[in-house]
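This is what each chain is made of:
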Amino acid sequence: MDANFWHQRWSKNEIAFHEREANPFLVAYFHELSLNPGSRVFVPLCGKTLDIPWLLSKGYRVAGAELSKIAIEQLFSELGIHPTITNLGRLDRYSAENIDVFVGDIFELSEAALGAIDAIYDRAALVALPEEMRDRYTKHLIVITKNAPQLLICYEYDQSAIAGPPFSIHNDEVKTHYSDRYQLKLMESKEVPGGLKKVCPAKENVWLLRKK
């Protein structure tokens, strides 16, 4: 899977993955991160998720990373905000009060460019990446956020039954990626009503990752 896959999805408006409201697991469990007001939350591969306005409405600052310029232009338009756009080499930073989104390849995003992060909210990043990219992603995420605590949401299903994304992330894989650096707690495991894409049974697993 390459960047063109996601660029085509956004250009054709093939965004069934885009939720129409804030994710219920975010609403139910984000407080478990015990963040202070004004804390800065990183949302990797954010698209134009409605989770961002939810976080802003709760008094958090948001940093995002997204490959698609179309997605971020729509995000700011729907927020009713005119961002300041700054070129950072291979990335563009879209900034406004309490929000910075880095547009381009997340692997080009450095710790210095991102700035201080208090927590990560990953609903759409790990599950969007094929297996051969996930180890690189999780290691990069740990570096650029200085091992910030994390609320992670994953799908778990029979990968042979349906092609991703979203890809299946089994619990053992989560532990492989993160158990060296985090204390992991499975907060909830819930069946997806009707199955994933109405094709096969699936669960959504909600993980809380705290620094060791």
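Further up the page is the structure itself.
Since this is a predicted model, take the numbers as computed values, not measurements.

Trainee: Quick question: what am I supposed to make of empty space enclosed by the protein here?
Mentor: Summary: where empty space remains is shown by rolling a probe the size of a single water molecule over the atoms. Tallying each qualifying case throughout the model produces one cavity of 30 Å³ or more. There is about 40 Å³ of room inside the largest cavity. Taken together, Val 43, Pro 44, Leu 45, Cys 46, Thr 49, Asp 51, Tyr 121, Arg 123 and Ala 124 make up the lining of the largest cavity. Grouping the constituent residues of the lining of the largest cavity by class yields six nonpolar, one polar and two charged.

Trainee: Whenever I open this one, the sheet that holds strand β5 (residues 99-103) confuses me. Can you help?
Mentor: Neighbouring strands of a sheet are bound in pairs by backbone hydrogen bonds; such pairs are parallel or else antiparallel. With mixed pairing, the nine strands of this open sheet are ordered in space as β3-β4-β5-β2-β1-β6-β7-β9-β8. Whereas interior strands pair on both sides, the edge strands pair on one side only; in this sheet they are β3 (84-87) and β8 (182-191). Each neighbouring strand pair of the sheet contributes to a mean axis angle of 20 degrees, computed without reference to strand direction. Helix α4 (residues 69-79) contacts β2 (61-66), β4 (92-96) and β5 of the sheet and is inclined by roughly 160 degrees relative to β5. Across the sheet, helix α6 (residues 131-144) is in contact with β1 (40-44), β6 (119-122), β7 (150-157) and β8; its angle to β1 comes to roughly 160 degrees.

Trainee: Where do I start with unusual backbone geometry in this structure?
Mentor: Excluding glycine, residues mostly carry a negative phi; peptide bonds, for their part, are mostly trans. In this structure, the amide linkage connecting Gly 164 to the following residue, Pro 165, adopts the cis form with an omega of 0 degrees. Relative to the helices and strands, Pro 165 resides in the loop between β7 and α7 (171-178). The linkage connecting Pro 165 with the following residue, Pro 166, adopts the cis geometry, with an omega of -5 degrees. With respect to the element layout, Pro 166 can be found in the loop between β7 and α7. Phi is positive for Asn 147, which is not a glycine, with a value near 65 degrees. The residue Asn 147 is located in the loop between α6 and β7 in this model. Its identity is not glycine, yet Lys 198 carries a phi of approximately 65 degrees, on the positive side. Note that Lys 198 resides in the loop between β8 and β9 (202-211).

Trainee: Quick question: what am I supposed to make of the nonpolar core here?
Mentor: If you look at soluble globular proteins, the nonpolar side chains tend to sit buried side by side. Ranked by size, the top nonpolar core spans 35 residues in total, and within it Phe 42, Leu 109, Leu 114, Tyr 137, Leu 152 and Tyr 178 carry the most contacts. In contact with Tyr 178, not counting residues within four places along its chain, are Tyr 137, Thr 138, Leu 141, Ile 142, Gln 150, Leu 152, Leu 184 and Leu 209.

Trainee: Just checking my understanding: could you explain the packing of α6 against α7 for this structure?
Mentor: Packed helix pairs are specified by the crossing angle of their axes together with the interaxial distance, meaning the distance between the axes. In contact at an axis separation of 10 Å, α6 and α7 are set at 45 degrees when each is read in the N-to-C sense. One element, α6, and the other, α7, form an angle in the oblique class. As for the relative orientation of α6 and α7, their crossing is right-handed in sense. For the pair α6 and α7, contact is made by Arg 134, Asp 135, Tyr 137, Thr 138, Leu 141 and Ile 142 and by Glu 173, His 177 and Tyr 178, respectively. Of the residues belonging to the contact of α6 with α7, the class tally is four nonpolar, two polar and three charged.

Trainee: Can you walk me through α7 in this structure?
Mentor: All buried positions along α7 are accounted for by Glu 173, Val 174, His 177 and Tyr 178. The buried residues of α7 occupy an angular sector of 110 degrees when the element is viewed end-on, so they sit on one face. Looking at α7, the residues exposed on the side facing more than 90 degrees away from the buried face are Asp 172 and Thr 176. Along its buried surface, α7 packs onto α6, β7, β8 and β9.

Trainee: It is not clear to me how the packing of aromatic side chains should be interpreted in this structure. Could you clarify?
Mentor: Aromatic rings in a pair are described by how distant their centres are and how their planes are angled relative to each other. Applying the stated criterion across every chain yields a total of four aromatic pairs. Between the aromatic rings of Phe 30 and Trp 54, the centroid separation amounts to 6.3 Å while the plane-to-plane angle is 85 degrees, which identifies the pairing as edge-to-face. Here Phe 30 is found in the loop between α2 (24-29) and β1, whereas its partner Trp 54 is found in helix α3 (residues 51-57), with 24 residues between them in sequence. As far as the burial class goes, Phe 30 and Trp 54 line up, both buried. Every member of this aromatic cluster is reached through a ring pair, and the members are Phe 30, Trp 54 and Tyr 60. Cation over ring: Arg 136 sits above Phe 107, and NZ or CZ is 3.8 Å from the ring centre.

Quick notes on the rules
- Residues numbered from 1 in each chain as written.
- Predicted model: local features only at pLDDT ≥ 70, side-chain atom pairs only at ≥ 80, totals over all residues.
- Heavy atoms only, no water.
- 1 Å grid on protein atoms, 1.4 Å probe; cavity = no way out; pocket = protein on both sides within 12 Å on 5 of 7 lines; lining within 4 Å.
- Points joined across faces, edges and corners; volume = space filled by probe spheres on them.
- Nonpolar A, V, L, I, M, F, W, Y, C, P; charged D, E, K, R; others polar.
- Pairing = 2+ DSSP bridges.
- Helix = DSSP H or I, 4+ residues; strand = E, 2+ residues; numbered from the N terminus.
- Axes fitted to C-alpha atoms, helices over the stretch in contact; angles between N-to-C directions.
- Contact = heavy atoms within 4.5 Å.
- Core = buried A, V, L, I, M, F, W, Y, C linked by side-chain atoms within 4.5 Å.
- Buried < 20%, exposed > 50% of the residue type's maximum accessible area, 1.4 Å probe, protein only.
- Parallel < 35°, antiparallel > 145°, perpendicular 65-115°, else oblique.
- Left-handed = near helix turned anticlockwise from the far one by under 90°.
- Arc of directions from axis to C-beta.
- Phe/Tyr/Trp six-rings, centres within 6.5 Å; stacked < 30°, edge-to-face > 60°.
- Lys NZ or Arg CZ within 6 Å of the ring centre and 35° of its normal.

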